[in-house]
Amino acid sequence: FPFSPEIVCDPLLDYNIWSSLHSINSSGKVEPEQRLILAATRVDSHSFFWNVAPGAEAAVGSFVVLLAAAQALQEAPGSRDLPRNVLFIFFQGETFDYIGSSRLVFDMEQEKFPLRLENVGAFLELGQVSLRNDSVLWMHTDPISRRNESIESQVQNLLEVLRSSGSGSGVSLQEPGNSQPLPPSSFQRFLRSRDIPGVVLSDHRTAFRNRYFQSIYDTAENIGMRYPEGLTPEEQLEFVTDTAEALAQVGTLLARALFSLAGGTGGTESIRADPKTVTRLLYGFLINSNNSWFQSLIKPDQKGILGPFPQHYVAVSSPTNTTQLLQAVLGNLTGTRMNLSREQCQDPGKTAGLQPELYEYWWVQGPLEPNSSSRVPGCVRSRVRLSPALSPAFELRRWDSREFSTWTESRWKDIRARIFLVASRELEV
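For every chain, the first residue of the written sequence is number 1, and numbering continues from 1 along that sequence. Under the rules for a predicted model, residues below a pLDDT of 70 receive no local features and side-chain atom pairs below 80 are neither given nor counted, while totals for whole chains, interfaces and linings still include all residues. Values reported for side chains reflect all heavy atoms of the structure, with hydrogen atoms and water molecules removed beforehand.

**A word on the overall build of the protein chain**
And step 1. Comment: elements are numbered from the N terminus, with helices defined as DSSP H or I runs of at least four residues and strands as E runs of at least two. Looking only at helices and strands, the protein chain has 12 helices and 13 strands in total.
And step 2. For the radius of gyration, the atoms used are the C-alpha atoms, and the globule rule reads 2.2 Å times the number of residues raised to 0.38. Against the 2.2 N^0.38 benchmark of 22 Å for 429 residues, the protein chain shows a C-alpha radius of gyration of 23 Å, consistent with a compact globule.
And step 3. For every residue, the accessible area (1.4 Å probe, protein chains only) is compared with the maximum for its type, and the residue is labelled buried under 20%, exposed over 50%, or partly exposed between those bounds. Put simply, the protein chain has 429 residues, and 54% of those count as buried.
And step 4. For the protein chain, the proportion of contacts with a sequence separation of at least 24, taken over those separated by at least 6, is 77%.
And step 5. For the protein chain, the separation between the mean place of its 40 positive charges and that of its 47 negative charges on side chains is 2 Å. By definition, residues are in contact when any of their heavy atoms lie within 4.5 Å. Lys and Arg are tallied as positive, Asp and Glu as negative. Neither His nor the chain termini are counted. One atom stands in for each charge, and that atom is NZ of Lys, CZ of Arg, CG of Asp or CD of Glu.

Okay, structure coming up:
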């Protein structure tokens, strides 16, 4: 009787999504003396039930803010001439002992990523930011690395830039106190390897304000998303909720701070995150990803990634829908529409001057033509890349690692049963 053994213990894996303000050669190395600003957040969440992880406050609110800030910074006047580059990173698998951030640090140390750790001049991370009390965000810093005088002065500069960026944005910023340790954050994985000046922004001072952290109840309602009754799905997509307005304020603060940290001079009042974009992102990542806007941003062969209830659970089959959608959204928000044919867009190496080592090219479905079912496709050029989010423990084949995540998932077979209804004995007779 032939039987094949079931494979067990597949590692949890996916991809980190990253993009930069100025082009970086994906196969080259950033010069050692260059200092970049890293702006980061997590993408995934989980719950007791497999693949039922809405993660509204745990992840979605934060990565939506970072997407909006990336767009606002890209469109800011003078952003192309900033002396310092800004790197936007969306970490996958953070819920399971920081898979994404630990892998990126590992790759930086092994020189398998264009940046090294010494290139990181400052680190800004968005923790949970959707449940702000009285519009307050807390600026968490690491008391241990701040004992170093050089780091301390850079952290003070970071805090000062954030405070000045907060004025006029609708967000007030406070510090929880110098001796309080950092909350759980990806930044900790970087600090394990090197002292880096950094700040983690969150809506809580000590205990999480999110009562439904990593639960099936961390939904759009948990972060106060409300729509008037009777709206069609298309109207909901465009309706700017109070939550979207509040998160756009955080995006504005972040974009202004990044502009200043990257060496921008002059007023940042004109830099604003777009509440319209934020409301569309929240609707797409929390309520229904199969909407007209997301449909216009993806490749024609990606229709299967759109569904009614987006889930943000890292798994063994990658990339997940969230990763692919985030890549598409970030590319469209920060990229440039190019006048290229489909063939040129899908094979940029054959056309002179397209520089595929600096840019990614996406042939997207495009929006629907007015009163028609046909679309206006086109080519988008962006700086969005993927990097592996597989724990270094599996790369090193160290299954007993205490340093890196070793989370795996078993495969299971579907158990099925069929019930046959039988008539009563009397009826049979």
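**Remarks on helix α3 (residues 149–166)**
And step 1. With 18 residues, α3 extends 26 Å from end C-alpha to end C-alpha; this agrees with the ideal 26 Å at 1.5 Å per step.
And step 2. Taken together, the buried positions of α3 are occupied by I151, V155, L158, L159, V161, L162, S165 and G166. Seen along its axis, α3 keeps its buried residues to an arc of 160°; they face one direction.
And step 3. Residues of α3 that are buried make contact with β5 (120–126), β6 (136–140), β7 (172–174), β8 (198–202) and α6 (242–261).
And step 4. Pairing of N or O atoms within 3.5 Å defines a polar contact, subject to two protein rules: one partner must be a possible hydrogen donor and the other a possible acceptor, and residues neighboring in sequence count only if both atoms are side-chain atoms. The N-terminus of α3 is capped by N148, whose side-chain oxygen sits 2.9 Å from the backbone nitrogen of S150.
And step 5. Positive backbone phi, approximately 90°, marks G168, located one or two places after α3. Given a helix with a known number of residues, its expected span is that number minus one, times 1.5 Å. An arc is given here, and it is the one of the directions from the helix axis to the C-beta atoms.

**Considering the packing of helix α1 (residues 56–75) against helix α7 (residues 275–286)**
And step 1. Across the interface, α1 lies against α7 with an axial gap of 10 Å and an inter-helix angle of 145°. Considering the relative orientation of α1 and α7, their crossing is right-handed. For the pair formed by α1 and α7, the contact residues are A56, V60, F63, V64, L67, A68 and Q71 on the first element and T277, V278, L281, L282, F285 and L286 on the second.
And step 2. Residues were grouped as follows: Ala, Val, Leu, Ile, Met, Phe, Trp, Tyr, Cys and Pro as nonpolar; Asp, Glu, Lys and Arg as charged; and all remaining residues, including Gly, as polar. Classifying every residue of the contact of α1 with α7 gives 11 nonpolar, two polar and no charged. For helices, the axis comes from a line fit to the C-alpha atoms of the stretch in contact; other axes are also lines fit to C-alpha atoms, and the angle between any two N-to-C directions lies between 0 and 180 degrees. Rotating anticlockwise by less than a right angle from the far helix to the near helix defines a left-handed crossing, while the corresponding clockwise rotation defines a right-handed one.

**Observations concerning the nonpolar core**
And step 1. Here, nonpolar core means buried Ala, Val, Leu, Ile, Met, Phe, Trp, Tyr and Cys residues that are tied together by side-chain atoms lying within 4.5 Å of each other. Counting residues in each nonpolar core, the largest one holds 81 residues, and the members touching the most others are F63, L67, F90, L282 and F285.
And step 2. With 13 residues, α1 is the largest single contributor of residues to this core.
And step 3. Setting aside residues up to four positions removed in sequence, F63 forms contacts with T41, R42, V43, F90, F285, H312, T322 and L326.

**Focus on a nonpolar patch on the surface**
And step 1. In this analysis, a patch consists of residues with relative accessible area above 30% that form no salt bridge, clustered at 9 Å for like charges and at 5 Å for the nonpolar side chains Val, Leu, Ile, Met, Phe, Trp and Tyr. Each accessible area is a Shrake-Rupley estimate made with a 1.4 Å probe; only the visible protein chains count as cover when residues are assessed. When a carboxyl oxygen of Asp or Glu lies within 4 Å of a side-chain nitrogen of Lys or Arg, that pair is called a salt bridge. Where nonpolar side chains cluster on the molecular surface, the patch consists of F48, F49 and V52 and spans about 340 Å² of accessible area.
And step 2. Among the secondary structure elements, F48 is positioned in the loop between β3 (36–42) and α1.
And step 3. For F48, a relative accessible area of 77% gives the class exposed.

**Structural notes on the confidence of the model for the protein chain**
And step 1. The score called pLDDT rates the predictor's confidence residue by residue, from a low of 0 to a high of 100. Of the residues in the protein chain, 98% have a pLDDT of 70 or more, and the chain-wide mean is 93.
And step 2. Strand β4 (residues 86–91) holds the highest mean pLDDT among the elements of the protein chain, 98, whereas helix α12 (residues 425–428) holds the lowest, 86.

**Side note on the sheet that holds strand β10 (residues 360–364)**
And step 1. When DSSP finds at least two bridges between two strands, those strands are taken to pair. Ordered by their spatial adjacency, three strands build an open sheet running β9-β11-β10, and the pairing between neighbours is antiparallel. Either end of the sheet is taken by a strand with one partner, and the two such strands are β9 (336–338) and β10. Averaged over all pairs of adjacent strands, the angle between their axes in this sheet comes to 35°, without regard to strand direction.

**Observations concerning the state of the cysteines**
And step 1. Any two cysteine sulfur atoms within 2.5 Å of one another count as a disulfide. One pass over the full model with this rule turns up one disulfide.
And step 2. The disulfide bridge from C345 ends at C379, spanning 2.1 Å between sulfur atoms. Between C345 and C379, the S-S dihedral sits near 80°, and the bridge is therefore right-handed. One end of the pair, C345, is in helix α10 (residues 342–346); the other, C379, is in strand β11 (residues 378–382), with 34 residues separating them in the sequence.

**Some thoughts on the pairing of β10**
And step 1. For β10, a buried count of four out of five residues is recorded, marking the element as mostly surrounded by other parts of the structure.
And step 2. The pairing of β10 with β11 spans five bridges and is classified as antiparallel. Its bridge partner being in β11, W362 is matched across the sheet by V380.

**Examining the pairing of β3**
And step 1. With seven of seven residues buried, β3 is to be regarded as a mostly interior element.
And step 2. Covered by surrounding structure in β3 are L36, L38, A40 and R42 together with I37, A39 and T41, the residues of both alternating faces.
And step 3. When β3 meets β4, the two strands line up parallel, connected through six bridges. Bridging across to β4, A39 finds its partner in F88.

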